[in-house]
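Each chain, written out:
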Amino acid sequence: MMSTKLLGILLGIALLVWVIYRWGRRHGTIDEHKKDIVKGVESWGQSGEKCSVCTCGEGTCSKEKTVPKIDYYDDEELDRFASRSHGDYTPEEVEEFRSVLVTLLSEDVAGWMQSLSRRSIALPQSLMGEAEERLRAAAEKKGPSSQKQIR
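On a predicted model such as this, the values are computed, not experimentally measured, just so you know.

1. Some remarks on the confidence of the model for the chain
Stage number 1. Looking at the chain, the pLDDT average stands at 78 and 65% of residues meet or exceed 70.
Stage number 2. Mean pLDDT values for the elements of the chain range from 62 in helix H2 (residues 30–42) up to 93 in helix H3 (residues 91–103).

2. Comments concerning the nonpolar core
Stage number 1. Among the nonpolar cores identified, the biggest contains 17 residues, and Leu 78, Tyr 89, Phe 97, Trp 112, Leu 116, Ile 121 and Leu 123 are the most heavily contacted of them.
Stage number 2. In terms of residue count, H3 provides more of this core than any other element does, 4 residues in total.

3. Description of the environment of Gln 125
Stage number 1. The residue Gln 125 is located in helix H5 (residues 125–142) in this model.
Stage number 2. Along the backbone, Gln 125 and Tyr 89 are 36 residues apart, and their C-alpha atoms lie at a distance of 8.8 Å.

4. Thoughts on unusual backbone geometry
Stage number 1. Even without glycine at this site, Asp 74 takes up a positive phi of about 55°.
Stage number 2. Within the secondary structure, Asp 74 is located in the loop between H2 and H3.

5. Some thoughts on helix H4 (residues 109–118)
Stage number 1. Taken residue by residue, H4 has Val 109, Trp 112, Ser 115 and Leu 116 as its buried positions. Buried residues along H4 cover an arc of 120° about the axis, so they all sit on one side.
Stage number 2. Buried-residue contacts for H4 involve H3 and H5.
Stage number 3. At the C-terminal side of H4, Ser 120 shows a positive phi close to 60°.

6. Concerning the packing of H3 against H5
Stage number 1. In contact at an axis separation of 11 Å, H3 and H5 are set at 5° when each is read in the N-to-C sense. The angle between the axes of H3 and H5 places the two elements in the roughly parallel class. Taken together, the residues of H5 that come into contact with H3 (itself represented by Val 94, Phe 97, Arg 98, Leu 101 and Val 102) are Ser 126, Leu 127, Glu 130, Ala 131 and Arg 134.
Stage number 2. In the contact of H3 with H5, the residues fall into 6 nonpolar, 1 polar and 3 charged.

What counts, and where the lines are drawn
- Residues numbered from 1 in each chain as written.
- Predicted model: local features only at pLDDT ≥ 70, side-chain atom pairs only at ≥ 80, totals over all residues.
- Heavy atoms only, no water.
- pLDDT = per-residue confidence, 0-100.
- Helix = DSSP H or I, 4+ residues; strand = E, 2+ residues; numbered from the N terminus.
- Core = buried A, V, L, I, M, F, W, Y, C linked by side-chain atoms within 4.5 Å.
- Buried < 20%, exposed > 50% of the residue type's maximum accessible area, 1.4 Å probe, protein only.
- Arc of directions from axis to C-beta.
- Contact = heavy atoms within 4.5 Å.
- Axes fitted to C-alpha atoms, helices over the stretch in contact; angles between N-to-C directions.
- Parallel < 35°, antiparallel > 145°, perpendicular 65-115°, else oblique.
- Nonpolar A, V, L, I, M, F, W, Y, C, P; charged D, E, K, R; others polar.

Spelled out as structure tokens, the structure:
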């Protein structure tokens, strides 16, 4: 009875030593990464520093990934509609969107729609045509060379 417990403990220790050994061979010793560790400590919080140790696949640390800037068009109250589909709005809620849309300059409509998208807010289906019309008007003001296909 005592010998099986002792054998189990020895096997557990052997397994732990083997895992540590394999991990060390795969990832190298700390001495091999000392330069990267020092560079990481010295440059922590600075963008543009490359990291040769991280495994994010891009060669840059995830701390450098930036979140796109969200511009608000005096429409913070629309944030409560995040994650709803285009057709899930009441007529009163559609009017809230319309009140913002009609106050925008034609050239601001594209930025506003992008802002809604970044905030996961779907424009009501009934306003899509009106928004596209305003986008076309803005494109026509800029001239034929800057027009893009609007779908």
